[in-house]
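What follows is each chain in one-letter form.
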Amino acid sequence: MKAFALILLCTFANSISQEPGAEKGAPSEEPKTCPPKPFFGAFAKIEKECREKENIKDEDMKTVHEIYRTGKIATEPSDAIKCFLTCTLVQQKKLTESGAANLECMQDNYAKAVEKLKECSQIKNEKPCESGYQMSTCLHEVRRLTMGF
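A brief structural summary. (Residues numbered from 1 in each chain as written. Predicted model: local features only at pLDDT ≥ 70, side-chain atom pairs only at ≥ 80, totals over all residues. Heavy atoms only, no water.)

1. Notes on the overall build of the protein chain
Then comes step 1: Along its length, the protein chain carries six helices and zero strands.
Then comes step 2: Looking at the protein chain as a whole, 30% of its 149 residues qualify as buried.
Then comes step 3: In the protein chain, 62% of the contacts between residues at least 6 apart in sequence involve partners at least 24 apart.
Then comes step 4: With the model as given, the accessible surface of the protein chain reaches about 10,200 Å², and the carbon-plus-sulfur share is 57%. (Helix = DSSP H or I, 4+ residues; strand = E, 2+ residues; numbered from the N terminus. Buried < 20%, exposed > 50% of the residue type's maximum accessible area, 1.4 Å probe, protein only. Contact = heavy atoms within 4.5 Å. Areas by Shrake-Rupley, 256 points an atom, 1.4 Å probe, with all protein chains shown as cover.)

2. Details of the environment of aspartate 108
Then comes step 1: Within the secondary structure, aspartate 108 sits in helix H5 (residues 103–120).
Then comes step 2: Looking at aspartate 108, the relative accessible area reads 39%, which means it is partly exposed.

3. Brief notes about the nonpolar core
Then comes step 1: Among the nonpolar cores identified, the biggest contains eleven residues, and these are Ile46, Cys50, Ile56, Met61, Val64, Ile67, Ile73, Ile81, Phe84, Leu85 and Cys87.
Then comes step 2: Elements that contribute at least two residues to this core include exactly helix H2 (42–54), helix H3 (58–70) and helix H4 (79–91).
Then comes step 3: No other element matches H4, which puts four residues into this core.
Then comes step 4: The residues touching cysteine 50, leaving out its near neighbours within four places in the chain, are Phe84, Cys87, Thr88 and Gln91. (Core = buried A, V, L, I, M, F, W, Y, C linked by side-chain atoms within 4.5 Å.)

4. Here's the deal with the environment of glutamine 134
Then comes step 1: With respect to the helices and strands, glutamine 134 occurs in helix H6 (residues 128–147).
Then comes step 2: Given the relative accessible area of 26%, glutamine 134 is considered partly exposed.
Then comes step 3: Look past the residues within four positions of glutamine 134 in its chain and what remains in contact with it is Ile123 and Asn125.

5. Digging into unusual backbone geometry
Then comes step 1: In the Ramachandran plot, asparagine 55 falls in the positive-phi region, its phi being about 55° despite a non-glycine side chain.
Then comes step 2: As for its position among the elements, asparagine 55 is in the loop between H2 and H3.
Then comes step 3: Overall, the relative accessible area of 57% leaves asparagine 55 in the exposed class.
Then comes step 4: You will see that lysine 93, though not glycine, has its phi angle at about 65°, which is positive.

Okay, here's the thing in structure tokens:
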């Protein structure tokens, strides 16, 4: 479980840091300052703003949520969906307006997430349901850290 979670985090970090056609090490026009930690529910606000900006329909949001859940979809997403995803990453400061990854901001979050995963791997309780609850809350915290919230 620990190894799988670590591989999953590394794969995700690598996939968002290497945009197709992007030059490695190319300077970006935008400053790479990390945003302050947003309040609870901030992603819902970002999602709402980007949905309005990109004119995303309900059917498109189903595809977006499939991408969030699985990391992929069966067909090539529309430009509107791609722009929506870009908008959310730009607002989280994980991506610059020009499409460059903002690794400085993401690395700190992923390092903290890996440490939290190590803590999660130590969860063990005599009551399996208690272990399940503790693991769920721990993994929620890992997800929160990788999202930057």
